[in-house]
Amino acid sequence: MKILRGAATGVFLLGLTSIYSQTPSLGYRIQGNTIAIDKSEEWAEWDAPLGVLEINPQGSVLPRFLRADTDAVRNASSFFRVEAEGDTIYGGLHDAGSNKITASNAIDGDFDTYWEPSAEDGLEKWYIEIDLGRSVISKRINLHFAPEGEGDPFLKFRVMISDGRKSFGGSRRREYLRVGQINYRNKSDRTFSFDVEPLRPAEDGLEGAITQFVRIDVLETDGVRGQEISEDQYKKLYWKHRGTIDFFRVTVAGREILVLPNTYLQLPESERGPVRYYRRERPKLAEIEVIEVGDNIVALTQRELFQDQTLFNNLLGRQLTDGFHTSSFNLRSYDPVRDENQLKIDLGAKYWIDRIRLLSPFSPPIAYQLRISNGALDPNGVLVWKELDERFNPDSFVQLEERFTRQEVRHIEVRRIEFVGSSSEKATLSEVQAFGEGYVSDVRMTSPLIKLNRSRIFSQVRWDASMPPGTSVEVRTRSGDDLIEEVRYFDRYGREISESRWKNIRNKEHRGPVVINELIGPRWSNWSEEYEIVKGQFNSPNPRRMMQVQVRLRSPDPYRAAELRSLQVDFDPPLVDQLVAEVWPVRGVSVGEEKEFTISFLPKFNRSDPGFDRVQLKSSSIAELSLVSVKSGAETSLRIGMGREHWPGEWGVLENDSNLIDLSLPQVIRSGSEVFELTFRTKVYTNSTTFSVELLNSEKPGITQTASEGNVVSTINSQSMVVVTDMENSPILSDVRIHPKIMTPNGDAVNDIAHLTFSVFRVDRVATFDVCIFDLSGRLQRDLSFFGENASGNHTVSWDGLDYQGILVNPGIYLMRLEFPVDVHGKTGITLPISVVY
């Protein structure tokens, strides 16, 4: 691997022409000083789990809606399979014996277009076959014919389905089974609906049959005698639509006999019977609908998962989730000791699911168990599973279904349970399917790496979204400057191999592609905290050449979803061309003891830089920062204690709270080569305390430039803004005090309020501090809990003697309980008494 500075991002094949970042297909575009995403082709380039998003042609994106009772024909063309010969076959029209040019009209969703078999073809060619592109559970098949005046329905026909499997023997023909047939001479009915029942033995109440292909055969036609019409109507018909003309002789008994036209002309007038005119039968099929149980979310999310993998990579998962009943696998018995042989499926997101179906071509499992999980983890970081009851299948049904209350499901696990222990016992499965209804409840999508031509300050993030009650759009960002280039080599079968092995393949035609991945480097920030409003200041480090956006769409209600229409990130030139800083000392600092630190920072300017007139010093801990001095000058001057002193002096302090010092300059600094030194005193409470220096300009509101770590002065050479402390033996909670211990809340301003103060060490994250007041019987009197963005540091909680109803508590002894999470394994805390007297 090698680190690239400001190189192009993404994945590409060696030798391909590079694509510039302004290309819309890269997932964003640059308009002036704004990065914009609001087009369907841009959202399509964002990274998200398969099957979780719906991207509208208008340019908005929302969680996918899992539907029940869907028409499997409508999206058949989006499914495909690769045949043994290597051909890629897409779903849709599979075959038509007559008039193939118009056959696709029967599945285009347009009821005003038709498939009309040609009258010139024999009846044996009047058929149409639809490939659904995957195996579905069809419940009903609907046929819609042209309305009266536009065409005719089929006189007699049958509807057949196939699960895709072929018969044994030399012919290897696809097996079709009939699900409906019209045997009467139909002239008027134009809509038909055929219920599809399981075609093989199934448990009571199970609906539908496994279907991949649908075939319609026309069994009879009236041909040239489609409908009798008047002579005038006949003459007005287009010649191709004219049917036959029948001439009849009338006998003495009044019986009509069909005769030839010449014979009719030779008959005496008294024997000449009626002449009947016909238009041709014009059978027109408008639409075929195959109503399935619903979207099979397993196939939708897993079918592309194995496309870039070799045949033998997770063969079990491939065969049972590829969406085809024609592929199957014998599931081995679950081994509870080694926790092996089960099938695990990760849907990539949480879907509202209420049933799971197992399909088997033959030898189905006799005993099995399903487990489901919504993705929650236990304190040990292990998935929390819900076990469904063990099931037995003594009748060897080839379709098995588990129904349960609709709930959020991300993971599915199938276990075959050994029943009799015989080696002949099989459990052949072809598909695991999952159905339900509702929007995907939690979707995370990540933008491509967004690259600018030079460092910029990303100033503002804003987005436009529709958020029904209960739904939300969460946005986070990260930024950086460097990339890691990862080169991967493949053989012609798609298997990854080493570089040396790839080069040793002498025949270049037998070599596979070389794929170059460009990944984020070590100088990238972590993901920021969630932006609280739809238009907020950019929260990741600045300035940077590249950035990335992560969006989370949450929809806890299955029938409500947030819809994101657009997202923009504004950027501006940096306040200064470069800004580096380092802190000293970075090691050997005692825990919880006040220590003096010096931060040196060096701004470098271009002529057009706006400059800065404010400097902010921040700490990652809740710890008081006491400013000692601010100086500037050449490195040699500062080394001997000289330099220009700015504080105490001309620089002012705008704010100085628990982890911030905000300094105001008398004028904007736009040039110079001096080093600035900030000296301050503070305490450290975590294994690593991060300090930051930020520059601001009062003329450029909303723009903040954060210093990068780097070498500023040779005498320090820490090149870091992180102070590392050995806290192995330090406590997590310390210096816990209540003062005063006896409070008198009588309104005289003396001991009216009690303060709980404490220090937290080694907790490098946000935390919720549970602080509650109880009486001696254990009844809760007041909840003073709070959320700390920086858990480590000094904290203070105040109590005014009131209970949760705002009423002054009775005199007596009370207990103040403090608790907060230490890690995923538990909490720590302490209880202290406090007396109330008045």
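On a predicted model such as this, the values are computed, not experimentally measured, just so you know.

### Points about the overall build of the chain
So, step 1. Scanning the chain from N- to C-terminus turns up eight helices and 59 strands.
So, step 2. Taking 2.2 N^0.38 as the reference for a compact globule, 838 residues should give roughly 28 Å; the C-alpha atoms of the chain span a radius of gyration of 38 Å, well beyond that estimate.
So, step 3. Here the C-alpha coordinates of the chain stretch approximately 135 × 70 × 65 Å along the principal axes.
So, step 4. Burial statistics for the chain: of 838 residues in total, 49% are counted as buried.
So, step 5. Contacts in the chain between residues far apart in sequence, at least 24 positions, make up 74% of those at least 6 positions apart.
So, step 6. Seen as two clouds, the 100 positive and the 120 negative side-chain charges of the chain have centres 5 Å apart.

### Structural notes on the pairing of strand β33 (residues 482-491)
So, step 1. Counted residue by residue, β33 has seven buried out of 10 residues, so it is predominantly covered.
So, step 2. Bridging between β33 and strand β34 (residues 496-497) involves two bridges; their strand directions are antiparallel. In the sheet register, Y489 faces β34, and the bridge partner there is I497.

### Some points on the environment of T831
So, step 1. Its location among the elements puts T831 in strand β59 (residues 826-836).
So, step 2. In this structure, the C-alpha to C-alpha distance between T831 and R492, residues 339 residues apart in sequence, is 67 Å.
So, step 3. The residues touching T831, leaving out its near neighbours within four places in the chain, are L815, M816 and R817.
So, step 4. A polar side-chain atom of T831 sits 2.9 Å from a polar atom in the side chain of R817.

### What about the pattern of salt bridges?
So, step 1. Counted according to the given criterion, the structure contains 60 salt bridges.
So, step 2. Here E287 ties to R74 by a salt bridge, and the two come within 3.1 Å at their closest N and O atoms. One end of the pair, E287, is in strand β20 (residues 285-292); the other, R74, is in the loop between β7 (65-66) and β8 (80-82), with 213 residues separating them in the sequence.
So, step 3. Classification of E287 as buried rests on a relative accessible area of 1%.
So, step 4. In this structure, D775 engages R779 in a salt bridge whose closest nitrogen and oxygen atoms are separated by 3.1 Å.
So, step 5. Residue R779 is classed as exposed on the basis of its relative accessible area of 56%.
So, step 6. Through salt bridges with shared partners, a single ionic network connects D69, K139, E207, D354, R355, R357, E401 and R403.

### Comments concerning the sheet that holds strand β57 (residues 793-799)
So, step 1. Taken in spatial order, the three strands line up as β51-β53-β57 in an open sheet, and their pairing is antiparallel. The open sheet has two edge strands with one neighbour each: β51 (733-739) and β57. In this sheet, neighbouring strand axes are inclined to one another by 15 degrees on average, regardless of whether the strands run parallel or antiparallel.
So, step 2. In the sheet, strand β53 (residues 754-760) pairs with β57 via seven bridges, with the strands oriented antiparallel. Its bridge partner lying in β57, A754 is registered against W799.

### Here's the deal with the sheet that holds strand β17 (residues 242-250)
In a beta sheet, neighbouring strands pair by backbone hydrogen bonds and run either parallel or antiparallel.
So, step 1. Ordered by their spatial adjacency, four strands build an open sheet running β16-β19-β17-β18, and the pairing between neighbours is antiparallel. The sheet is open, and its two borders are formed by β16 (227-229) and β18 (256-259), each paired with just one other strand. This sheet shows a mean twist of 45 degrees between the axes of neighbouring strands, independent of strand direction.
So, step 2. Where β16 and strand β19 (residues 272-279) come together, three bridges link them in antiparallel fashion.

### Things to note about the packing of aromatic side chains
So, step 1. For the coordinates displayed, the defined rule picks out 28 aromatic pairs.
So, step 2. For the pair F157 and F192, a centre-to-centre distance of 5.3 Å together with 85 degrees between the ring planes defines the contact as edge-to-face. Taken together, the positions of F157 in strand β12 (residues 156-162) and F192 in strand β14 (residues 191-195) put the pair 35 residues apart, joining distant regions of the chain. For the pair F157 and F192, a shared accessibility class is recorded, and that class is buried.
So, step 3. With a centroid separation of 5.7 Å and an interplanar angle of 45 degrees, the aromatic rings of F597 and F691 are classed as tilted. Taken together, the positions of F597 in strand β40 (residues 595-604) and F691 in strand β47 (residues 688-696) put the pair 94 residues apart, joining distant regions of the chain. One exposure class covers both F597 and F691, and it is buried.
So, step 4. One aromatic cluster is present, built from ring pairs that chain together W115, F145, F154, F157, F192 and F194.

### Section: the side chain of S60
So, step 1. Within the secondary structure layout, S60 lies in the loop between β5 (53-55) and β6 (61-63).
So, step 2. A residue is classified by how much of its surface remains accessible, and S60, at 6% relative accessible area, is buried.
So, step 3. Side-chain polar atoms of S60 contact the side chain of N56, separated by 2.8 Å.
So, step 4. There is a polar contact of 2.5 Å between the side chain of S60 and the side chain of E563.
So, step 5. In this structure S60 touches W43, E54, I55, E563, L564 and R565, once residues within four positions along its chain are discounted.

### Observations regarding the pairing of strand β23 (residues 367-373)
If a strand is regular, its side chains alternate between the two faces of the sheet.
So, step 1. Counting buried residues in β23 gives seven out of seven residues, a clear majority hidden from the surface.
So, step 2. Neither face of β23 is open: one carries A367, Q369, R371 and S373, the other Y368, L370 and I372, and all of them are buried.
So, step 3. Relative to strand β25 (residues 391-392), β23 is paired through two bridges, and the arrangement is antiparallel. Following the sheet pairing, Y368 is matched in β25 by R391.
So, step 4. Relative to strand β26 (residues 399-416), β23 is paired through six bridges, and the arrangement is antiparallel. From the neighbouring strand, Q369 faces β26, where its bridge partner is R415.
So, step 5. In this sheet, strand β24 (residues 386-387) lies alongside β23 in antiparallel orientation, the contact comprising two bridges. Looking at the pairing, I372 lines up with K386 of β24.

### Some words on the nonpolar core
So, step 1. Counting 59 residues, the largest nonpolar core has I35 and V551 as its most contacted members.
So, step 2. At eight residues, the largest contribution of residues to this core is made by strand β22 (residues 343-359).
So, step 3. Filtering out sequence-adjacent residues up to four positions away, V551 remains in contact with W46, V443, R444, M445, V473, E474, V475, L564 and L567.
So, step 4. Core analysis: the next-biggest nonpolar cluster, separate from the first, contains 34 residues, V576, F597, F612 and V615 among them.

### Brief notes about empty space enclosed by the protein
So, step 1. Taken as a whole and assessed by the stated rule, the structure comprises one cavity of 30 Å³ or more.
So, step 2. Taken as a whole, the largest cavity encloses approximately 80 Å³ of empty space.
So, step 3. Where the lining of the largest cavity is concerned, the elements lending two or more residues are β11 (127-145) and α5 (297-302).
So, step 4. Element by element, the count of residues in the lining of the largest cavity is highest for β11, at three residues.
So, step 5. Residues belonging to the lining of the largest cavity are distributed by class as follows: four nonpolar, four polar and three charged.

### Topic: a negative patch on the surface
So, step 1. Taken together, the side chains of D108, D110, D112 and E150 make up a negatively charged region of the molecular surface.
So, step 2. On the basis of relative accessible area, D108 is assigned to the partly exposed category, the value being 37%.

Cut-offs applied
- Counting of residues starts from 1 at the beginning of each chain's written sequence and follows it residue by residue.
- With pLDDT at 70 or above as the cut-off, local features in this predicted model cover only qualifying residues; side-chain atom pairs require 80 or more to be listed or tallied, and sums for whole chains, interfaces and linings still use all residues.
- Water and hydrogen atoms play no part in the side-chain values, which are based on all heavy atoms of the structure.
- To qualify as a helix, a DSSP run of H or I must reach at least 4 residues; to qualify as a strand, a run of E must reach at least 2; elements of each kind are numbered from the N terminus.
- Atoms counted for the radius of gyration: C-alpha only. Globule rule: 2.2 Å times the number of residues to the power 0.38.
- Buried, partly exposed and exposed residues are distinguished by accessible area as a fraction of the type maximum, computed with a 1.4 Å probe on protein chains only: under 20%, between the cut-offs, and over 50%, respectively.
- Throughout, a contact is declared for two residues whenever any of their heavy atoms are within 4.5 Å.
- Working convention for charge: Lys and Arg count positive, Asp and Glu count negative, and His plus the chain ends are omitted.
- Charge placement uses NZ in Lys and CZ in Arg. For Asp and Glu, CG and CD serve respectively.
- By this definition, two strands are paired if DSSP reports at least two bridges between them.
- Nitrogen and oxygen atoms within 3.5 Å of one another constitute a polar contact, given that in protein one can donate a hydrogen and the other can accept it, and given that sequence-neighbouring residues count only through two side-chain atoms.
- Salt bridge, as used here: a side-chain nitrogen of Lys or Arg that lies within 4 Å of a carboxyl oxygen of Asp or Glu.
- As a rule, the C-alpha atoms of each element are fitted with a line to give its axis, helices using only the stretch in contact, and angles between N-to-C directions run from 0 to 180 degrees.
- A pair of Phe, Tyr and Trp rings is counted when the ring centres sit within 6.5 Å of each other, with Trp represented by its six-membered ring. The angle between the planes then sorts it: under 30 degrees is stacked, over 60 is edge-to-face, the rest tilted.
- Side-chain atoms within 4.5 Å link the members of a nonpolar core, which is a set of buried Ala, Val, Leu, Ile, Met, Phe, Trp, Tyr and Cys residues.
- Buriedness of a pocket was judged along seven lines, with at least five required to meet protein on both sides within 12 Å; pockets are open sets of points on a 1 Å grid over the protein atoms alone, cavities are sets where a 1.4 Å probe fits but cannot get out, and lining residues have an atom within 4 Å of a point.
- Grid points are joined across faces, edges and corners, and a volume is the space filled by probe spheres set on the points.
- Three residue categories are used. Nonpolar comprises Ala, Val, Leu, Ile, Met, Phe, Trp, Tyr, Cys and Pro, charged comprises Asp, Glu, Lys and Arg, and polar comprises the others, including Gly.
- Each patch is built from salt-bridge-free residues with over 30% relative accessible area, joining like charges within 9 Å and nonpolar side chains (Val, Leu, Ile, Met, Phe, Trp, Tyr) within 5 Å.
- Using a 1.4 Å probe, the Shrake-Rupley method yields the accessible areas, and only the shown protein chains count as cover for residues.

Interpretation note: all reported values are geometric properties and have no functional meaning in isolation.
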